[in-house]
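# Structural overview for review
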Amino acid sequence: MSFSRPSTPPALSLVLGVLAVAVQFFASACQSPRASVRGLPPRFECLSAADAVARADLWQHRHGGELKFVMGTGSMAPYIAAAKPGADPETTVVALAIMDRCASYDTIEPGTLCLYRAGWCGRKPVLHSAALKSSDGWIMTGLHNRHYESAWRMTRADYLGRATAVFTWPP
């Protein structure tokens, strides 16, 4: 004796297919285009700042790179959280990034997370994503920023390196 599965009525199949397409369309429409770019390094969510330091140190010993502090301005949210309300975002460390100083400026692609010195930010390194290359250099952006840094370009002289890993912890 064999059992056969009852077939799905064609109308129900059509409704389920349309629903699946609608869910996919809605999900992609709600996603920020800058939040879905390629080039972001792995992000490790740690239990605390001390846990992040230990894990970043282990990563650094295994893979190389230079440890850099990331300030809590919120420009890279949700990839990197902003500092707690009331804390100074310019002095509050919210993440650690491992930077590959040997990664060539010439290999940067849109979405690459770079550390660089920005003329608008004084001497502090900035961690933002490469958005668009122009004849004057790279237009950079934070994932959470409403606007690109279109008035300023990251040049070969400003470039410090590429982020290879980021370690965050709850704010």
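Details of the structure are given in the entry above.
A brief structural summary.

Calculation criteria
Residues numbered from 1 in each chain as written. Predicted model: local features only at pLDDT ≥ 70, side-chain atom pairs only at ≥ 80, totals over all residues. Heavy atoms only, no water. Helix = DSSP H or I, 4+ residues; strand = E, 2+ residues; numbered from the N terminus. Salt bridge = Lys/Arg side-chain N within 4 Å of Asp/Glu carboxyl O. Buried < 20%, exposed > 50% of the residue type's maximum accessible area, 1.4 Å probe, protein only. Contact = heavy atoms within 4.5 Å. Phe/Tyr/Trp six-rings, centres within 6.5 Å; stacked < 30°, edge-to-face > 60°. Polar contact = N/O pair within 3.5 Å; in protein donor to acceptor, adjacent residues only side chain to side chain. Core = buried A, V, L, I, M, F, W, Y, C linked by side-chain atoms within 4.5 Å.

## Considerations on the environment of leucine 115
You can see leucine 115 is positioned in strand β4 (residues 113-117). Between the C-alpha atoms of leucine 115 and leucine 127, which are 12 residues apart in sequence, the distance is 4.6 Å.

## Considering the pattern of salt bridges
Per the counting criterion, the structure on display carries 4 salt bridges. Measuring nitrogen to oxygen at the nearest pair gives 2.9 Å for the salt bridge that ties arginine 101 to glutamate 66. Of this pair, arginine 101 sits in the loop between β3 (93-100) and β4 while glutamate 66 sits in strand β2 (residues 66-71), placing them 35 residues apart in sequence. One salt bridge connects arginine 156 with aspartate 106, and the closest N-O pair in it is separated by 2.7 Å. Separated by 50 residues along the polypeptide, arginine 156 in the loop between β6 (137-141) and β7 (159-168) and aspartate 106 in the loop between β3 and β4 bring together distant segments of the chain. Counted as one network, the salt bridges with shared partners bring together Glu66, Lys68 and Arg101.

## Describing the side chain of threonine 168
Along the chain, threonine 168 falls in strand β7. On the basis of relative accessible area, threonine 168 is assigned to the buried category, the value being 8%. Non-local contacts of threonine 168, meaning those with residues more than four positions away in its chain, are made with Arg43, Phe44, Glu45, Cys46, Tyr79, Ile80, Val94 and Ala95.

## Digging into the packing of aromatic side chains
Enumeration over the complete set of coordinates arrives at 5 aromatic pairs. Between the aromatic rings of tyrosine 116 and tryptophan 152, the centroid separation amounts to 5.8 Å while the plane-to-plane angle is 20 degrees, which identifies the pairing as stacked. Here tyrosine 116, found in strand β4, pairs with tryptophan 152, found in the loop between β6 and β7; they are 36 residues apart in sequence, far enough to count as distant. Residue tyrosine 116 shares its accessibility class with tryptophan 152, and that shared class is buried. Feature note: the residues Phe44, Trp59 and Phe167 constitute an aromatic cluster, connected by ring pairs.

## Description of the side chain of threonine 112
Inspection of the secondary structure puts threonine 112 in the loop between β3 and β4. On the basis of relative accessible area, threonine 112 is assigned to the buried category, the value being 6%. In this structure the side chain of threonine 112 is engaged in a polar contact, spanning 2.8 Å, whose partner is the backbone oxygen of glutamate 109.

## As for the nonpolar core
One broad trend across soluble globular proteins is that nonpolar side chains are buried collectively. Formed by 16 residues in total, the largest nonpolar core has its most connected members in Tyr79, Ile80, Leu113, Leu127 and Val166. Of all the elements, β3 adds the most residues to this core, at 4 residues. Dropping the residues within four chain positions of it, leucine 127 is found in contact with Val70, Met76, Ile80, Ala97, Leu113, Cys114, Leu115 and Ala163. Judged by nonpolar contacts, the second largest core, of 13 residues, contains Ala103, Tyr116, Val126 and Met140.

Honestly, it's all geometry; don't read function into it.
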